[in-house]
Amino acid sequence: AQRVTQPEKLLSVFKGAPVELKCNYSYSGSPELFWYVQYSRQRLQLLLRHISRESIKGFTADLNKGETSFHLKKPFAQEEDSAMYYCALTSIGPARQLTFGSGTQLTVLP
Amino acid sequence: DAGVIQSPRHEVTEMGQEVTLRCKPISGHDYLFWYRQTMMRGLELLIYFNNNVPIDDSGMPEDRFSAKMPNASFSTLKIQPSEPRDSAVYFCASPQGASRELFFGEGSRLTVL
């Protein structure tokens, strides 16, 4: 069965410090992984996906199949990065429904 | 397009009462997902529909939960009778395009006293 694990429920860093939100997964095939973000009082929205290999708002995430990880990183955190972050894995099949981790609440302190 | 629309945004009810949550997906999206969000478990998939047909309801926690999608533009999630442990935020979402990016509604925050 597929599973996504985010070991940290809460994470606080100071502005300008590097931040890393951890995500590990278990999946029998070739996974497709995403990070979704929920800012205060806003909808959950896609931040980035591993197949795009893109950097969004300074965030990057590299898929490490050996370690089954997809950690989200940003070298210099900003206060506006404070939000709930969810790592997600898509299933095989036409629906491609997402399995989410339990989320990490990031707080960037001034 | 206003995106995925959910109602009510907030609902406070007493244990034992029936709760109905509503969702209007983005027009043209063929799948619709219902998720429940709690601090302890994060986002859990409850049920999803394809072209209005329920495909997988294995995430529905109990028989007290039911969901329908009578047409492409409307879905409901019903809890009868409600219990305090049902308190959560319930999200509706639909995917778009080949990327299958999920577009979420703003959620319905349910509090059962």
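Definitions and cut-offs
Each chain has its residues counted from 1, running along the sequence as written. Both sets of labels track the order of writing: A upward for chains, 1 upward for ligands. Reporting of local features is limited, given that this is a predicted model, to residues whose pLDDT is at least 70; pairs of side-chain atoms are given and counted only at 80 or more, and all residues count toward the totals for whole chains, interfaces and linings. Heavy atoms from the whole structure form the basis of all side-chain values; hydrogens and water molecules are not counted. When DSSP finds two or more bridges between two strands, those strands count as paired. Helix and strand definitions follow DSSP, with helices as H or I runs of at least four residues and strands as E runs of at least two, each counted in order from the N terminus. Disulfide: a pair of cysteine sulfur atoms within 2.5 Å of each other. Relative accessibility decides the category of a residue: with a 1.4 Å probe and only protein chains considered, values under 20% of the type maximum give buried, values over 50% give exposed, and everything between is partly exposed. The term polar contact refers here to a pair of N or O atoms within 3.5 Å; inside protein, the definition further demands a hydrogen-donor-capable atom paired with an acceptor-capable atom, and it admits residues adjacent in sequence only when both atoms are side-chain atoms. The contact definition used throughout considers only heavy atoms, calling two residues in contact when any of these lie within 4.5 Å. Take the accessible area each of two parts loses on contact, using a 1.4 Å probe, and add the two losses: that sum is the buried area. By definition here, a salt bridge exists when the distance from a side-chain nitrogen of Lys or Arg to a carboxyl oxygen of Asp or Glu is within 4 Å. Three categories are distinguished: nonpolar for Ala, Val, Leu, Ile, Met, Phe, Trp, Tyr, Cys and Pro, charged for Asp, Glu, Lys and Arg, and polar for the others, with Gly belonging to the last.

Colleague: Mind showing me how you'd approach the pairing of strand 6 (residues 53-56) of chain B here?
Modeller: Taken residue by residue, a regular strand's side chains alternate between the two faces of the sheet. All names here are of chain B. As judged from the three bridges shared by strand 5 (residues 42-50) and strand 6, these two strands associate in the antiparallel manner. Its bridge partner being in strand 6, Asn50 is matched across the sheet by Val53. Hairpin geometry of strand 5 and strand 6 is characterised by an intervening segment of two residues between the two adjacent antiparallel strands and by a positive phi of about 50° at Asn51.

Colleague: Please explain the state of the cysteines as it appears in this structure.
Modeller: Cysteine pairs can be linked by a disulfide, which is a covalent bond between their two sulfur atoms. Under the defined criterion, the tally for this structure stands at two disulfides over all chains. Residue pairing for Cys23 of chain A: its cysteine sulfur links by disulfide to Cys87 of chain A, the two sulfurs lying 2.0 Å apart. Here the disulfide of Cys23 of chain A and Cys87 of chain A is left-handed, its torsion about the S-S bond being about -65°. Pair noted here: Cys23 of chain A is in the loop between strand 3 (19-21) and strand 4 (24-26) and Cys87 of chain A is in strand 9 (residues 83-90), with a separation of 64 residues, a long-range link. A single burial state applies to Cys23 of chain A and to Cys87 of chain A, both of which are buried. At a sulfur-sulfur separation of 1.7 Å, the disulfide partner of Cys23 of chain B is Cys92 of chain B. Because the torsion about its S-S bond is -60°, the bridge between Cys23 of chain B and Cys92 of chain B counts as left-handed.

Colleague: Mind showing me how you'd approach the environment of His29 of chain B here?
Modeller: Residue and element names in this part refer to chain B. Of note, His29 is situated in the loop between strand 3 (19-24) and strand 4 (31-38). The sequence separation of His29 and Arg100 amounts to 71 residues, and the corresponding C-alpha distance is 9.9 Å. Here the side chain of His29 touches Ser94 through a polar contact of 2.7 Å, side chain to side chain.

Colleague: What is the right way to look at the interface of chain A and chain B in this model?
Modeller: The figure often quoted for interface size is the accessible area lost as the parts come together. Each partner contributes residues to the interface: chain A has 17 residues there, and chain B has 24 residues. Roughly 1,800 Å² of surface becomes buried between chain A and chain B when both sides are summed, with 52% attributable to carbon and sulfur atoms. Of all residues in chain A, the largest losses of buried area upon contact with chain B belong to Arg43, Ala95 and Gln97 of chain A, amounting jointly to 30% of the total for that side. Seen at the junction of chain A and chain B, the total is one salt bridge. Between Glu101 of chain B and Arg49 of chain A there is a salt bridge, with the nearest N and O atoms lying 3.6 Å from each other. No other element matches the three residues that strand 6 (residues 44-49) of chain A contributes to the side of chain A that touches chain B. Taken together, the residues of the side of chain A that touches chain B break down into nine nonpolar, four polar and four charged.

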